[in-house]
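Each chain, letter by letter, is given below.
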Amino acid sequence: MGRLYKNLEIFKIGYEIAINIYDITKDFPNHEIPVLTNQMRRGAISIPSNIAEGSTRYSSKEFLMFLTYSYGSAKELSVQLSVAKDVGYVSQIIYDDISMKLDKFQAMIYKFMRDLEKKTPYTFYKKFKSEINT
């Protein structure tokens, strides 16, 4: 489809979140590098990466699949950020700032996915819903 992903607001916010997470996790304890640090970084970079990759796909259905991955990564990152705060690696102020960005991103991508789904004749979501209801 060749969408210009860099122009999408969801990409811009997702990219900003990734940069913020890299900055935050650089101060995590060394023993967390193979665990929480890497997991948070992988999840954060997955958010804009899946938007970019999905934008290159031929159909809206395929793009939706990658948007779903991005949305899922944001949800996972929300949990990991909470853990980082609760174990004392992230201050309440930083947590609140990143959580607000994640919440905004999740709301925006959810709306973007629903709008795209309405324009897509037959999607994975509609098929999935019909399989559950039978």
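A. Seen up close, the overall build of the protein. Along its length, the protein carries five helices and zero strands. Overall, the protein shows an N-to-C arrangement of helices and strands of α-α-α-α-α. Taken across its 134 residues, the protein has 40% of its residues classed as buried. Sequence-distant contacts in the protein: of pairs separated by 6 or more residues, those separated by 24 or more amount to 72%. A total of about 7900 Å² of accessible surface is found on the protein, and carbon and sulfur atoms cover 59% of it.

B. Highlighting the nonpolar core. One finds Leu67 and Phe105 to be the most contacted residues of the largest nonpolar core, which totals 30 residues. Of all the secondary-structure elements, those providing two or more residues to this core are helix H1 (9-25), helix H2 (33-55), helix H3 (60-86) and helix H4 (92-119). Not counting residues up to four positions away in its chain, the partners in contact with Phe105 are Ile10, Ile13, Gly14, Ile17, Ile47, Ile51, Ser70 and Ala74.

C. Structural detail: the packing of H3 against H4. Relative orientation of the contacting elements H3 and H4 amounts to 160°, with a least axis distance of 10 Å. Judged by the inter-axis angle, H3 sits roughly antiparallel to H4. Seen along the crossing, H3 lies across H4 with a hand that is left-handed. Residues belonging to the contact of H3 with H4 are distributed by class as follows: 16 nonpolar, eight polar and three charged.

D. View of the packing of aromatic side chains. Summed over the entire model, instances satisfying the criterion amount to six aromatic pairs. With 4.8 Å between their ring centres and 75° between their planes, Tyr5 and Phe11 make a pair best called edge-to-face. Judged by its relative accessible area of 26%, Tyr5 falls in the partly exposed class. Look at Phe63 and Phe112: their rings are 6.0 Å apart centre to centre, the planes differ by 85°, and that puts the pair in the edge-to-face class. Taken together, the residues span a long stretch of sequence, with Phe63 in helix H3 and Phe112 in helix H4 at a distance of 49 residues. Phe112 gets classed as partly exposed once you look at its relative accessible area, which sits at 25%. Members of the aromatic cluster, joined through ring pairs, are Tyr5, Phe11 and Tyr15. The positively charged end of Lys85 is found above the aromatic ring belonging to Tyr95, 5.0 Å away from the centroid.

E. Up close: H1. Taking 1.5 Å of rise per residue, the 17 residues of H1 would be expected to cover 24 Å, and the 24 Å separating its terminal C-alpha atoms lies within 8% of that figure. What H1 keeps buried is the set Ile10, Phe11, Ile13, Gly14, Ile17, Ala18, Asn20, Ile21, Ile24 and Thr25. Summarising the contacts, the buried residues of H1 are in contact with H2, H3 and H4.

F. Representation of the environment of Asp86 in the model. Counting through the fold element by element, Asp86 comes out in helix H3. For Asp86, a relative accessible area of 60% translates into the label exposed. Side-chain polar atoms of Asp86 contact the side chain of Lys85, separated by 2.8 Å.

G. Examining the confidence of the model for the protein more closely. Taken residue by residue, the protein gives an average pLDDT of 90. The fraction at 70 or more is 87%. Model confidence for the protein, summarised as mean pLDDT per element, is weakest for helix H5 (residues 124-132) at 54 and strongest for H1 at 98.

About the criteria used
- Residues numbered from 1 in each chain as written.
- Predicted model: local features only at pLDDT ≥ 70, side-chain atom pairs only at ≥ 80, totals over all residues.
- Heavy atoms only, no water.
- Helix = DSSP H or I, 4+ residues; strand = E, 2+ residues; numbered from the N terminus.
- Buried < 20%, exposed > 50% of the residue type's maximum accessible area, 1.4 Å probe, protein only.
- Contact = heavy atoms within 4.5 Å.
- Areas by Shrake-Rupley, 256 points an atom, 1.4 Å probe, with all protein chains shown as cover.
- Core = buried A, V, L, I, M, F, W, Y, C linked by side-chain atoms within 4.5 Å.
- Axes fitted to C-alpha atoms, helices over the stretch in contact; angles between N-to-C directions.
- Parallel < 35°, antiparallel > 145°, perpendicular 65-115°, else oblique.
- Left-handed = near helix turned anticlockwise from the far one by under 90°.
- Nonpolar A, V, L, I, M, F, W, Y, C, P; charged D, E, K, R; others polar.
- Phe/Tyr/Trp six-rings, centres within 6.5 Å; stacked < 30°, edge-to-face > 60°.
- Lys NZ or Arg CZ within 6 Å of the ring centre and 35° of its normal.
- Expected span 1.5 Å × (residues − 1).
- Polar contact = N/O pair within 3.5 Å; in protein donor to acceptor, adjacent residues only side chain to side chain.
- pLDDT = per-residue confidence, 0-100.

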